[in-house]
Number of protein chains: 2
Amino acid sequence: MRVEDLDTPAIVIDRKIVEENLKRAQAHADRQGKKLRPHIKTHKLPQFARRQLELGAIGITCQKIGEAEVMADAGIGDIFIPYNIIGKPKLERLKALHERITLSVTADSATTVDGYGATFTDAGRPLTVLIECDTGGGRCGVQSAADAVALAKRIASHPGLRFGGLMTYPPRQKVSGVDSWLHDALKLFEAEGIRVERVSVGNSPDFFGPTRVDAATELRPGTYIYSDRMQVTYGHGTLENCALTVLATVVSRPTADRAILDTGSKSLAADLSPSPGHGHIVEYPDAVITMLNEEHGIVDLSRCAMKPAIGDKVRVIPNHVCVVSNLFDVVHVAEDGQVIEQLPVAARGKLS
Amino acid sequence: MRVEDLDTPAIVIDRKIVEENLKRAQAHADRQGKKLRPHIKTHKLPQFARRQLELGAIGITCQKIGEAEVMADAGIGDIFIPYNIIGKPKLERLKALHERITLSVTADSATTVDGYGATFTDAGRPLTVLIECDTGGGRCGVQSAADAVALAKRIASHPGLRFGGLMTYPPRQKVSGVDSWLHDALKLFEAEGIRVERVSVGNSPDFFGPTRVDAATELRPGTYIYSDRMQVTYGHGTLENCALTVLATVVSRPTADRAILDTGSKSLAADLSPSPGHGHIVEYPDAVITMLNEEHGIVDLSRCAMKPAIGDKVRVIPNHVCVVSNLFDVVHVAEDGQVIEQLPVAARGKLS
């Protein structure tokens, strides 16, 4: 089937662009001497996770146990969940997962550490726990190197846990601050005689940037596999490097300058950055998607020389691609305009 | 199971509040002499659609064929799809649906009408087509009463179609403009000798408002079943009338004034209106959810006298509830704090 024959809205992924994006990122990490541990939240597909590993990734990153379960079922053997996992139902699932794969998680509090410690008690197969550090991102994380050291000691005090290193989700474009935070922490750990075997750093926006976090041993970018309008705005490649588009149909042309697409916030997500508009229409680069309702994309065609007709199909590059993957049950992989595969988004909607 | 024992994030729906909201809306429509045709996009649950019909609704509204198929499978017999349905795959599904229920759809162009006309050819069982009118909403719709009349004639020219009336998705708080648009159109239809049997008008924001669209014969509100922070801002009830909350766990307390919840844009959706914040935390009304990442809700506690601890569960009333229902595979119905039912969100993720 040709891409343009798909019913809409539909996600179409260009296989060649994905392959180029994966190889470029792996080469980039290799050149920096960093390990690559891709975040699968962007694609949620075991098939692409396996390809990332084949190309050199040391393991994958999942944000939720449910995502990790899907990936483990698909044979992925090394998974990092950079999240404070709390509460009995989740800890029990975590324990079952730990039985069958190489698993690591994070903590930023004694409460989280003690929860792991009470659940994981086998010193012969300890759970690896990294400490999340707030290096300026203002989300989770210990606030100081001293707090990190204290928490590492607490981890070590539990027989079923082992201290696995440091982890951070850094603020964008503040690489030097992140690096000095981590280097200060590493000095303190060294002074305490505690080995830090891993320093795991997100994320896509700064992955291809001009500067890098020197202290990092592994990187966790996610978005690079597809790229999107936001990444292009950040200076990472061009719109031609965007592998995922949402195929949509023009369902209405109520005025000379207005078109309505059958894709809205339920399929394109509502991220408004970068402006203007809610995505880039490949066939009509001067069109602006001015507003999204749930099932309608409202398009301003006033700057377009040629204008689409009702029934025409167009491809939209989303603003933020990760949130789009979570809205579709299936994606279509295409090559040279031909649909070669339809894949269920196996790790979609895993909220816990 | 008690609500607080649910794993998080989870949708919890208070059955009694739903019942009150449904009854209040039906009584309100009855008092106005309008028929109620609730939009099911808000709940996506056959169980609640059936309850809406039991209480007096004349049928339901679905935005997508996939939603209508789910509702027809559940025994709902009268469904309106207020959308231009275009393209062979959708038209074939529409035809199959038309065989088994009372179905009506809309069109705002000759292209859409002719697509219906080519698909539906049985004069003994014609498809009912309403004309969508742009009464100021700036989305789909014919631009003038004359265009509406011309399109009605085109509908009538197809043996397998019948003209079913007018439909509009009105701009908020511009009831008088909508009403005069529709009254002008009705006059023109009368002058042409064309009967307009239905005038179908959305939507929730103006449903309970002080003024009403006099020309309307049926109303299509959706959000009223759960209500949300946006509806409360519009003056429709209070936070106590909000039936749906997202139960979340505090997973981190990195600073004295910051908490992190395990609900982000992947479960709460990213609608920022009304400000401030991305939802209302029932237990901490002075807290502000300042930012959502996909799996993190960042909360400013600086104005809170009491502050939550790691592991505490809280309930969040979303800003816009319809988009939240689409992010969960199941919802939990509760009464007096006890979970009485877990329901699959049967019409979730139906994009076409």
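Observations regarding the overall build of chain A
Tallying secondary structure elements over chain A gives 11 helices and 17 strands in all. A compact globule built from 352 residues should have a C-alpha radius of gyration of about 20 Å, and chain A, at 22 Å, falls within 12% of that. With respect to the three principal axes, the spread of C-alpha positions in chain A is 70 × 40 × 35 Å. Out of the 352 residues belonging to chain A, those deemed buried represent 55%. If you take every contact in chain A between residues at least 6 apart in sequence, the share linking residues at least 24 apart comes to 67%.

Thoughts on the interface of chain B and chain A
Where interface size is given, it is often the accessible area lost as the parts come together that is meant. The interface of chain B with chain A comprises 47 residues on the first partner and 47 residues on the second. Elements with a minimum of two residues in the side of chain B that touches chain A: helix H4 (88–98), helix H5 (110–119), strand S10 (244–255), helix H10 (265–268) and helix H11 (321–325) of chain B. Here the element with the most residues in the side of chain B that touches chain A is S10(B); it accounts for 6 residues. Grouping the amino acids of the side of chain B that touches chain A by side-chain chemistry returns 14 nonpolar, 20 polar and 13 charged.

What to know about the relation of the copies chain B and chain A
Superposition of the two copies of the chain requires a rotation about an axis together with a shift along that axis. When chain B is fitted to chain A, the best match, at an RMSD of 0.0 Å, comes from turning it 180° and sliding it 0.0 Å along the axis. A rotation of that kind, with that shift, is consistent with a two-fold axis. For chain B, the residue whose C-alpha comes nearest the rotation axis is Ala270(B), separated from it by 3.5 Å. Counting the interface residues of chain B, we find that 100% of their copies in chain A are interface residues as well, pointing to one common contact surface.

Considerations on the packing of helix H3 (residues 65–73) of chain A against helix H4 (residues 88–100) of chain A
Residues and elements named next belong to chain A. Two elements in contact, H3 and H4, have axes separated by 10 Å at closest approach and are oriented at 25°. The angle between H3 and H4 places the two elements in the roughly parallel class. Note that H3 runs across H4; the crossing there is left-handed. Listed contacts from H4 to Ile65, Ala68, Glu69 and Ala72 of H3 are Lys90, Arg93, Leu94, Leu97 and Arg100. For the contact of H3 with H4, a count of residues per class yields 5 nonpolar, no polar and 4 charged.

Overview of helix H1 (residues 15–32) of chain B
Residue and element names in this part refer to chain B. Taking 1.5 Å per residue, 18 residues should reach 26 Å; H1 reaches 26 Å between its end C-alpha atoms and fits that length. Within the sequence span of H1, burial applies to Ile17, Asn21, Leu22, Ala25 and Ala29. Here the buried residues of H1 occupy an arc of 135° about the axis, which is enough to place them on one side. Seen from the open side of H1, the exposed residues pointing more than 90 degrees away from its buried face are Lys16, Asp30 and Arg31. Against the buried residues of H1 lie strand S1 (10–14), strand S2 (35–36), helix H2 (46–54) and strand S9 (218–219).

Thoughts on the domain arrangement of chain A
Residues and elements named next belong to chain A. Taken domain by domain, chain A consists of domain 1 (3–10 + 230–344) and domain 2 (34–227). Of note, the centres of domain 1 and domain 2, computed from C-alpha atoms alone, are 34 Å apart. Counting from both sides, the interface comprises 13 residues of domain 1 and, opposite them, 13 residues of domain 2. Sorting the residues of the side of domain 1 that touches domain 2 by element identifies helix H9 (229–233) and helix H11 (321–325) as the ones contributing at least two each. It is H11 that contributes the most residues to the side of domain 1 that touches domain 2, 3 residues altogether.

Comments concerning the sheet that holds strand S8 (residues 199–201) of chain A
Residues and elements named next belong to chain A. Spatially, S2-S9-S8-S7-S6-S5-S4-S3 is the arrangement adopted by the 8 strands of the open sheet, whose pairing is parallel. In the strand order of this sheet, the two ends are held by strand S2 (35–36) and strand S3 (60–61), each with one partner. With 6 bridges connecting them, strand S6 (residues 127–132) and strand S7 (residues 161–168) associate as parallel partners. Bridge pairing in S7 links Ile131 to Leu166. Along the sheet face, helix H6 (residues 145–157) touches strand S5 (102–107), S6 and S7 and points at about 155° away from the line of S7.

Re the sheet that holds S9(B)
The strands that make up a sheet are held in pairs by hydrogen bonds between backbone atoms, and each pair lies either parallel or antiparallel. All names here are of chain B. Reading across from one edge, S2-S9-S8-S7-S6-S5-S4-S3 is the order of the 8 strands in this open sheet, with parallel pairing throughout. Of all strands in the sheet, those bounded by a partner on one side alone are S2 and strand S3 (60–61). Sitting on the sheet, helix H6 (residues 145–157) touches strand S5 (102–107), strand S6 (127–132) and strand S7 (161–168), and the angle it makes with S7 is about 155°.

Quick look at helix H3 (residues 65–73) of chain B
Residues and elements named next belong to chain B. Counting buried positions over the 9 residues of H3 gives 7, a clear majority of the element. Looking at the buried residues of H3, the elements they touch are H2, S3, strand S4 (78–84) and H4. At the C-terminal side of H3, Gly75 shows a positive phi close to 95°.

Some remarks on the environment of Ala243(B)
Residues and elements named next belong to chain B. Position of Ala243 among the secondary structure elements: in the loop between helix H9 (229–233) and S10. Since 26 C-beta atoms lie within 10 Å of it, Ala243 is described here as buried. With 91 residues separating them in the primary sequence, Ala243 and Ala334 have C-alpha atoms 9.8 Å apart. Sequence-distant contacts of Ala243, defined by excluding residues within four places in its chain, comprise Ile13, Asp14, Ile17, Val18, Asn21, Tyr226 and Ser227.

Observations concerning the pairing of S1(B)
In regular strands, side chains alternate between the two faces of the sheet. Residue and element names in this part refer to chain B. The buried fraction of S1 amounts to 4 of the 5 residues, a majority that puts the element mostly inside the structure. Where S1 lies against S10, 4 bridges are found, and the strand directions are antiparallel. From the neighbouring strand, Val12 faces S10, where its bridge partner is Thr245. Of the strand pairs in this sheet, S1 and strand S16 (residues 330–335) are connected by 3 bridges, and their pairing is parallel. Across the sheet, Asp14 pairs through a bridge with Ala334, a residue of S16.

Re the environment of Thr290(A)
Summarising the element assignment, Thr290(A) is placed in strand S13 (residues 288–292). Beyond its immediate sequence surroundings of up to four residues, Thr290(A) is in contact with Gly277(A), Ile298(A) and Asp300(A).

Observations concerning the nonpolar core
Ranked by internal contacts, the top residues of the largest apolar core, which has 206 residues, are Met71(A) and Met71(B). If we skip the residues at most four places from it in the chain, Met71(A) touches Ile40(A), Pro46(A), Ala49(A), Ile60(A), Cys62(A), Ile76(A), Ile79(A) and Ala347(A).

Considering the environment of Arg253(A)
Looking at the secondary structure, you find Arg253(A) in strand S10 (residues 244–255). Of the residues examined, Arg253(A) has 22 C-beta atoms within 10 Å and is grouped as buried. Beyond its immediate sequence surroundings of up to four residues, Arg253(A) is in contact with Ala259(A), Ala309(A), Ile310(A) and Ser109(B).

Details of the confidence of the model for chain A
Here chain A averages 96 in pLDDT, and 99% of its residues register 70 or above. Across the predicted assembly, pTM comes out at 0.96 and ipTM at 0.95.

Cut-offs used in this document
- Residues numbered from 1 in each chain as written.
- Chains lettered and ligands numbered in written order.
- Predicted model: local features only at pLDDT ≥ 70, side-chain atom pairs only at ≥ 80, totals over all residues.
- Helix = DSSP H or I, 4+ residues; strand = E, 2+ residues; numbered from the N terminus.
- Rg over C-alpha atoms; globule rule 2.2 N^0.38 Å.
- Buried ≥ 20, exposed ≤ 12 C-beta atoms within 10 Å, placed from the backbone.
- Contact = placed C-beta atoms within 7 Å.
- Nonpolar A, V, L, I, M, F, W, Y, C, P; charged D, E, K, R; others polar.
- Least-squares fit on C-alpha atoms with pLDDT ≥ 70 in both.
- Axes fitted to C-alpha atoms, helices over the stretch in contact; angles between N-to-C directions.
- Parallel < 35°, antiparallel > 145°, perpendicular 65-115°, else oblique.
- Left-handed = near helix turned anticlockwise from the far one by under 90°.
- Expected span 1.5 Å × (residues − 1).
- Arc of directions from axis to C-beta.
- Domains from an automatic or database assignment.
- Pairing = 2+ DSSP bridges.
- Core = buried A, V, L, I, M, F, W, Y, C linked by C-beta atoms within 7 Å.
- pLDDT = per-residue confidence, 0-100.

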